[in-house]
Amino acid sequence: MARRKQLSPQRIVPSSSSGVSTPSSSDNDPITEAAKSLTHQAEQAPDHGSSIFQLIICVGGIYASFLIWALLQERITTTSYGPDKKIFRHVLVLNTVQSLFASLSGYAYFRISSGSSSSTTASKRVFPGASISFRLLLVALTQTLASPFGYASLKHIDYITYILAKSCKLLPVMFLHVTLFRRKYPLYKYLVVAAVSAGVAVFTLYPSHPKKTKKSEVSNEEKNVIWGMMLLMINLLFDGLTNTIQDDIFAKAPKGTVSGPQMMAALNTLSSVLTSAYLVLNPWSTELMDALAFIGEHPKVGIDILGFAFCGAVGQVFIFYTLAKFGSLVLVTVTVTRKMLSMVFSVVAFGHSLSAMQMLGVGLVFFGIGAEAEVKRRSDVAKKQNSHMKTK
């Protein structure tokens, strides 16, 4: 990697999980959101966009790792194992294994990247100071609290609905910024929120195989869907709170203090400590022992969990490197198309079917995400042109 000057992080208004500013990926992956919240200014670096070969590897790495990650996530959390047809429900154990893998890969990437660039002493430490570390702990806490609600919603809604709703992180982020900070957004942001919200609503209200019930009755399935969407909204609110705290970190952190790989290593380490402490020290929880017993009875789920954690850790490294090397606009395109491919793969691999109205809902969601990305692209181009004119 070319030696380059340490670049300072900038504050970016969080956005949807399309990658415009938010980590979702998340598909419930806040580290991805942290990556998108950082601007390395690599777009202005001399070697930006240097190698098509590197770009192909980065894009291929993100697609391969996160498409497999999504398939394994759906298989682990929604399908049964063994002749007894049991489903793995121990999400904290799943999260702990993933964060442990990601903390190790994040630490290795952080050491390699910080060693190849001139940087301050603080930026070469995973935890740069007490004040920032405390706020990082808050981010790790909110993302740790978010995940169980997301996985719990999968008991009541299908995985495609889950992916689609997770593409709407702009909603809770804007809600928190408007209500807590009295922040105003441009009109197009509200139009994007309206399009995405309408898409999710249409997708949820028009299932591919609706059940006929009396007008005075509400089927148990409908009640389950409503409960699942409520759980998912709580998950999205925690994700929005995560992004809001991240925003505050980047606004108040001294210049050159926080880098992308550093954020990846720190957050995953803190998340691992929090979930491990809960699993080991909580006398009222038997989740760890139950999970180990389940894996003992169904070894295949153990292999799936290791593959899930490995793909997530590798994918995060590819996301950070792509952002630093090729800029946020490339990451936007890759992230949006990856989510669409994840839905396609889910339909093919697990036999889901979509009604015409559901396909319309999917189209509305990705139209809103794509429109936001295009507006941001034009805004960035205009800013670069203005900056170029001023330097002449």
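For the protein, the helix and strand inventory stands at 13 helices and two strands. Put simply, the protein has 392 residues, and 51% of those count as buried. Just so you have it, the protein exposes about 18300 Å², and 68% of that area is on carbon and sulfur atoms.

This paragraph deals with the pattern of salt bridges. Using the criterion set out here, one finds one salt bridge in the structure. Residue Asp 304 is joined to Arg 75 by a salt bridge in which the shortest nitrogen-to-oxygen separation is 2.9 Å. Within this pair, whereas Asp 304 is found in helix α11 (residues 299-326), its partner Arg 75 is found in helix α2 (residues 52-78), the two being separated by 229 residues in sequence. Relative accessible area serves as the criterion here: at 5%, Asp 304 is assigned to the buried category.

A separate point is the packing of aromatic side chains. Going through the model one piece at a time under the given rule, you end up with six aromatic pairs. Both rings, one in Phe 88 and one in Phe 294, keep their centres 5.5 Å apart while their planes meet at 75°; by these two values the pair is edge-to-face. Pair noted here: Phe 88 is in the loop between β2 (86-87) and α3 (91-115) and Phe 294 is in helix α10 (residues 287-297), with a separation of 206 residues, a long-range link. Members of the aromatic cluster, joined through ring pairs, are Phe 66, Trp 69 and Phe 308.

Turning our eyes to something else, we now look at unusual backbone geometry. With phi around 55°, Lys 85 is a residue other than glycine that occupies positive phi space. Inspection of the secondary structure assignment puts Lys 85 in the loop between β1 (80-81) and β2.

Another aspect to go through is the nonpolar core. If you look at the biggest cluster of nonpolar residues, it comprises 44 residues, and the most contacted ones within it are Ile 76, Phe 88 and Leu 164. Considering every element that reaches this core, the biggest residue donor is α2, with seven residues. Discounting residues that sit within four places of it in the chain, Leu 164 has contacts with Gly 199, Val 200, Phe 203, Met 343, Val 362, Val 365 and Phe 366. Counting 14 residues, the second-largest nonpolar core is a separate cluster that includes Val 139, Ala 140, Ala 266 and Leu 270.

What follows concerns the environment of Gly 307. Relative to the assigned elements, Gly 307 resides in helix α11. Separated by 239 residues in sequence, Gly 307 and Ile 68 have C-alpha atoms that sit 8.5 Å apart.

Attention shifts here to α10. Residues of α10 that are buried: Glu 287, Ala 291 and Phe 294. Projected down its long axis, α10 shows its buried positions confined to an angular sector of 60°, all on one face. Exposed residues lying more than 90 degrees from the buried face of α10 are Met 289, Gly 296 and Glu 297. On its buried side, α10 packs onto β1, β2, α3, α9 (260-281) and α11.

Side chains of Phe 134, Leu 137, Leu 138, Leu 141 and Leu 145 sit close together on the surface and give an oily, nonpolar patch of about 410 Å² of accessible area. Following the sequence through the fold, Leu 141 ends up in helix α4 (residues 130-153).

All right, on to the packing of α3 against α10 then. A pair of packed helices can be characterised by two numbers: the angle between their axes and the separation between those axes. With their axes 9 Å apart at the nearest point, α3 and α10 run at an angle of 85° to one another. Taken as axis vectors, α3 and α10 run roughly perpendicular relative to one another. Taking contact as the criterion, the partners of Val 91, Leu 92 and Val 93 in α3 are, on α10, Glu 287, Leu 288 and Ala 291.

Our focus in this paragraph is the packing of α2 against α11. At a minimum axis separation of 8 Å, α2 and α11 run at an interaxial angle of 150°. Considered as vectors, α2 and α11 are oriented roughly antiparallel to each other. Classified by chirality, the crossing of α11 by α2 is left-handed. A breakdown of the residues in the contact of α2 with α11 according to their chemical character gives 17 nonpolar, nine polar and three charged.

Do not read the predicted coordinates in detail wherever pLDDT is low. Mean pLDDT over the protein works out to 75, with 75% of the residues at or above the 70 mark. Averaged pLDDT values over the elements of the protein bottom out at 45 in helix α1 (residues 30-37) and peak at 94 in α10.

On the secondary structure map, Leu 71 appears in helix α2. Note on Leu 71: relative accessible area 24%, which makes it partly exposed. As for Leu 71 and Phe 350, which are separated by 279 residues in sequence, their C-alpha atoms are 9.1 Å apart. When sequence neighbours within four positions are dropped, the list of residues in contact with Leu 71 reads Phe 345, Ser 346, Ala 349 and Phe 350.

As a further point, take the environment of Val 258. Structurally, Val 258 can be placed in the loop between α8 (220-252) and α9. The spacing of Val 258 and Phe 127 is 131 residues in sequence and 9.0 Å in space, taken between C-alpha atoms.

Reading the values: rules and limits
- Each chain carries its own residue numbering, running from 1 in the written order of its sequence.
- Restriction of local features to residues with pLDDT of at least 70 applies here, the model being predicted, together with a cutoff of 80 or more for giving and counting side-chain atom pairs; totals for whole chains, interfaces and linings are based on all residues.
- With hydrogens and water stripped out, all remaining heavy atoms of the structure feed into the side-chain values.
- Helix and strand assignments follow DSSP, with helices taken as H or I runs no shorter than four residues and strands as E runs no shorter than two, numbered in order from the N terminus.
- In this scheme, a residue with accessible area under 20% of its type's maximum is buried, one over 50% is exposed, and one in between is partly exposed, where area comes from a 1.4 Å probe on protein chains only.
- Residue-level accessible areas treat just the shown protein chains as cover; the underlying method is Shrake-Rupley with a 1.4 Å probe.
- The salt bridge criterion pairs a side-chain nitrogen of Lys or Arg with a carboxyl oxygen of Asp or Glu, the two atoms within 4 Å.
- Pairing of aromatic side chains here covers Phe, Tyr and the six-membered ring of Trp, requires ring centres within 6.5 Å, and sorts the geometry by plane angle: under 30 degrees stacked, over 60 edge-to-face, intermediate tilted.
- To form a nonpolar core, buried Ala, Val, Leu, Ile, Met, Phe, Trp, Tyr and Cys residues must be joined to one another through side-chain atoms within 4.5 Å.
- The contact rule is simple, with two residues in contact once any of their heavy atoms fall within 4.5 Å.
- The directions considered for the arc run from the helix axis to the C-beta atoms.
- Each patch groups residues whose relative accessible area exceeds 30% and which form no salt bridge, using 9 Å between like charges and 5 Å between nonpolar side chains of Val, Leu, Ile, Met, Phe, Trp and Tyr.
- Angles run from 0 to 180 degrees between N-to-C directions of axes, and those axes are lines fitted to C-alpha atoms, restricted for helices to the stretch in contact.
- We call two directions roughly parallel when the angle between them is under 35 degrees, roughly antiparallel when it is over 145, roughly perpendicular when it lies between 65 and 115, and oblique otherwise.
- Left-handed is the label given to a crossing in which the near helix is rotated counterclockwise from the far helix by less than a right angle, and right-handed is the label when the rotation is clockwise.
- Three classes are used, and their members are as follows: Ala, Val, Leu, Ile, Met, Phe, Trp, Tyr, Cys and Pro are nonpolar, Asp, Glu, Lys and Arg are charged, and the others, Gly among them, are polar.
- The pLDDT value expresses, per residue, how confident the predictor is, ranging between 0 and 100.

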